[in-house]
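Residues per chain, in single letters:
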Amino acid sequence: MTNLDLTKPTAELAAQGTPLLEVDDLRVEFRTRSGVVNAVNGISYSLGAGETLAILGESGSGKSVSAQAIMGILETPPAVISGGGIWFQGRNVLEMSAEDQRTIRGPGISMIFQDALSSLNPVYSVGFQIGEMFRAHRGLSKKAARAKAVELMDRVRIPAAARRVDDYPHQFSGGMRQRVMIAMAIALDPRILIADEPTTALDVTVQAQVMDLLKDLQQETGMGLILITHDLGVVNEVADNVAVMYAGEIVERGTVDDVFGRPSHPYTEGLMSSVPQVEAKGGRLRPIAGQPPNLARIPSGCPFHPRCARRRLGAEAAPGRDCATDVPPLRLVVPGREAACHYSEEVLGVRAP
Amino acid sequence: MGRYVARRLLLTIPVLLGASFLIFAMVYALPGDPIRALGGDRPISPAVVAELRERFHLNDPLYVQYWEYLKGLFSGDLGTDFRGRPVLDTIERTLPVTIKLALVAIVFEAVIGLVAGVLAGIRRNSFFDNLVLVSTTLVVSIPILVLAFFAQLLFGLKLGWFPIAGTNEGLYSYLLPGLVLASGSLAYVARLTRTSLAENLRADYVRTARAKGLPNRTVIVRHTLRNSLIPVVTYIGADIGTLLGGAIVTETVFNLPGIGREVFNSIRSQEGAVVVGIVTLMVFFFIFFNLVVDVLYAVLDPRIRYD
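Chain B has the name Oligopeptide transport system permease protein in an unreviewed UniProt entry, where Geodermatophilus tzadiensis is given as its organism. Quoted verbatim from the Subcellular location (unreviewed entry) heading of the UniProt record, the comment on chain B is "Cell membrane". What UniProt records for chain B under Sequence similarities (unreviewed entry) is the sentence "Belongs to the binding-protein-dependent transport system permease family."

Per an unreviewed UniProt entry, chain A goes by Oligopeptide transport system ATP-binding protein and derives from Geodermatophilus tzadiensis. On record in UniProt, under Sequence similarities (unreviewed entry), the comment for chain A is "Belongs to the ABC transporter superfamily."

Put into structure tokens, the structure is as follows:
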């Protein structure tokens with residue numbers, strides 16, 4: 001058994017100053033027959049109790065892969081965690097035995113997925129699938145687990161829970177199915193909930209309900225929430241901090257208000273201007289030119305430079321800051337804000353230090 | 001569900017009628033004279049031939065013969081062969097042999113096929129997986145007739161492990177023919193299980209099961225195997241019908257007195273009533289077990305409902 005203390009209240013842990021989760025220089029690659037795909041290239045972040053961190057990025061930016069690495073559910077092979085560490089409540093998950101890792105999944109870290117229909121097993125009732133959490137981790141009887149499942153379905157506001165507990169996933173609407181997923185994920189009061197694009201498959205009104213539910217649950221339990229999404233609106237509404245990922249790296253990080261208000265990385269800047277804004281009604285949207293990079297052949301220097309409107313190459317560049325050859329490190333630009341760009345000050349409009 | 005089953009059962013009546021008529025017509029169309037064949041090398045006097053042809057309605061047109069047959073059928077009489085033995089007695093004598101053979105074959109098919117498929121599916125690209133792929137390809141590509149003679153020669157004659165023919169040694173006599181009969185389906189079950197399992201292992205809900213922190217055993221058995229077995233179970237179910245009808249070659253080679261060998265001999269001696277009776281029974285088995293499979297499918301997969 002793991003000696004992780006999952007019974008201590010989260011607030012107490014927060015007072016000790018231990019973050020719930022620390023990810024340090026995490027690297028994941030996929031070794032396929034046609035070559036190595038570098039999906040995650042050294043990302044670091046930490047998450048405290050009650051905090052919501054949004055990880056924002058295009059498809060293929062490595063956001064889902066990094067989350068699955070934290071959960072320990074990557075397909076290995078082909079995926080390999082090639083470097084870095086994941087500390088959950090001060091212990092490195094990557095150095096634990098498979099059995100210890102398993103006992104964290106559920107009561108420690110839990111995850112909800114994008115497509116609730118394919119993520120729920122079609123041949124078991126939803127009550128059974130929620131109840132499984134209690135049977136596997138708490139050793140509850142089938143009957144007691146079913147009763148717990150009804151409680152949870154009530155908690156995620158599924159109408160007539162007691163009557164619907166024995167229904168199968170295909171008998172629920174999309175929004176209700178996602179609630180079933182959430183009920184399953186929060187069953188054991190996890191310290192951390194990772195939501196991987198929880199609302200992408202839902203229509204807009206249902207999206208708002210599901211996000212509200214997640215926010216309420218977080219307030220009740222004080223769990224840390226990692227929200228993986230490409231939806232800027234969702235991030236703006238619920239997240240405290242945001243990390244923007246590009247080509248498997250974090251290119252900008254800060255509070256949501258700061259990052260969205262005044263981006264300091266050209267990629268974030270590009271994302272902001274490609275989204276319709278009420279104030280800019282009638283103006284043209286400016287998409288980011290070009291395609292996301294092939295992760296098997298990430299461009300040299302700054303991975304974003306082939307698409308960047310502000311790139312400086314050759315003689316234009318400051319010494320040691322040629323975008324095509326020099327890799328920009330993630331660095332502190334102004335207090336509370338990090339970005340991986342040689343010319344962040346310019347983007348931000350402040351004087352270089 | 002009940003209404004669905006009732007409707008399906010009612011539908012079997014026209015199918016059986018049509019099938020029996022087709023078989024009847026085919027036997028009618030066979031060249032040669034069954035009465036003369038009855039005598040073998042000895043000539044039969046023309047008077048006797050005429051008498052027998054009259055008694056068995058052989059001079060009447062096809063539709064009259066079929067009508068006579070149907071009239072008997074509705075009073076529970078399947079007719080008699082040219083030696084005067086009731087067809088019903090022949091079926092009663094031969095069917096138990098075929099049922100035993102089919103049961104042995106199904107057990108082989110389910111046990112060996114499933115185990116091989118599951119192991120290969122879990123350890124894809126391993127040595128065992130490749131062994132299953134190669135051996136099943138080999139088995140599927142050899143005609144059952146060749147396989148039957150080969151097994152008889154190797155295990156029966158050379159090694160002497162099994163009896164080569166007949167049913168004198170009880171259930172033991174059924175093992176080798178059962179294995180031969182099962183071989184093709186066994187290979188298919190193994191491959192179907194392997195593919196289905198490999199596919200399901202990549203399913204989103206298996207990833208969810210892992211994310212829930214379920215023990216590996218539970219993830220495999222409860223969330224992968226259960227889903228993967230749905231197509232396999234339905235295949236095996238439908239195969240019972242096929243095996244009950246498809247034992248003609250195996251029973252003939254191993255000289256087992258079942259309905260398969262009986263139908264083979266009856267075709268050769270143009271015993272119309274016997275052929276029609278037995279083949280119609282085979283058709284019924286086939287339809288019946290397909291119905292059982294469809295019902296089973298709804299039990300295994302809650303997404304299927306017949307209303």
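We now examine the sheet that holds strand S8 (residues 224–229) of chain A. Residue and element names in this part refer to chain A. Taken in spatial order, the eight strands of this open sheet run S6-S7-S8-S3-S9-S10-S12-S11, and their pairing is mixed. A strand with exactly one partner marks an edge of an open sheet, and here the two such strands are strand S6 (109–112) and strand S11 (331–334). With direction set aside, neighbouring strand axes in the sheet form an average angle of 25°. Pairing of strand S3 (residues 52–56) with strand S9 (residues 241–246), which is carried by four bridges, proceeds in the parallel orientation. Across the sheet, the residue bridging to Ile55 is Ala243, located in S9. Helix H2 (residues 63–71) contacts S3, S6, strand S7 (192–196), S8 and S9 of the sheet and is inclined by roughly 150° relative to S7.

Residues and elements named next belong to chain B. Residues annotated in UniProt with the feature "transmembrane region" (unreviewed entry) correspond here to residues 97–119, 131–151, 171–190, 232–254 and 274–300. The span residues 131–151 carries 90% helix and 0% strand; its end-to-end C-alpha distance comes to 20 Å. For residues 274–300, the helix share is 100%, the strand share is 0%, and the end-to-end C-alpha distance is 39 Å.

Next up on the list: the environment of Pro257(B). Residue and element names in this part refer to chain B. Assignment of secondary structure puts Pro257 in the loop between helix H11 (248–253) and helix H12 (259–268). When the C-alpha atoms of Pro257 and Arg55 are compared, they prove to be 28 Å apart, with 202 residues separating the residues in sequence. Setting aside residues no more than four positions away along its own chain, Pro257 makes contact with Thr94, Val97 and Thr167.

The rules we used
- Residues numbered from 1 in each chain as written.
- Chains lettered and ligands numbered in written order.
- Predicted model: local features only at pLDDT ≥ 70, side-chain atom pairs only at ≥ 80, totals over all residues.
- UniProt positions renumbered as here; feature names shortened; annotations may be inferred.
- Pairing = 2+ DSSP bridges.
- Helix = DSSP H or I, 4+ residues; strand = E, 2+ residues; numbered from the N terminus.
- Axes fitted to C-alpha atoms, helices over the stretch in contact; angles between N-to-C directions.
- Contact = placed C-beta atoms within 7 Å.

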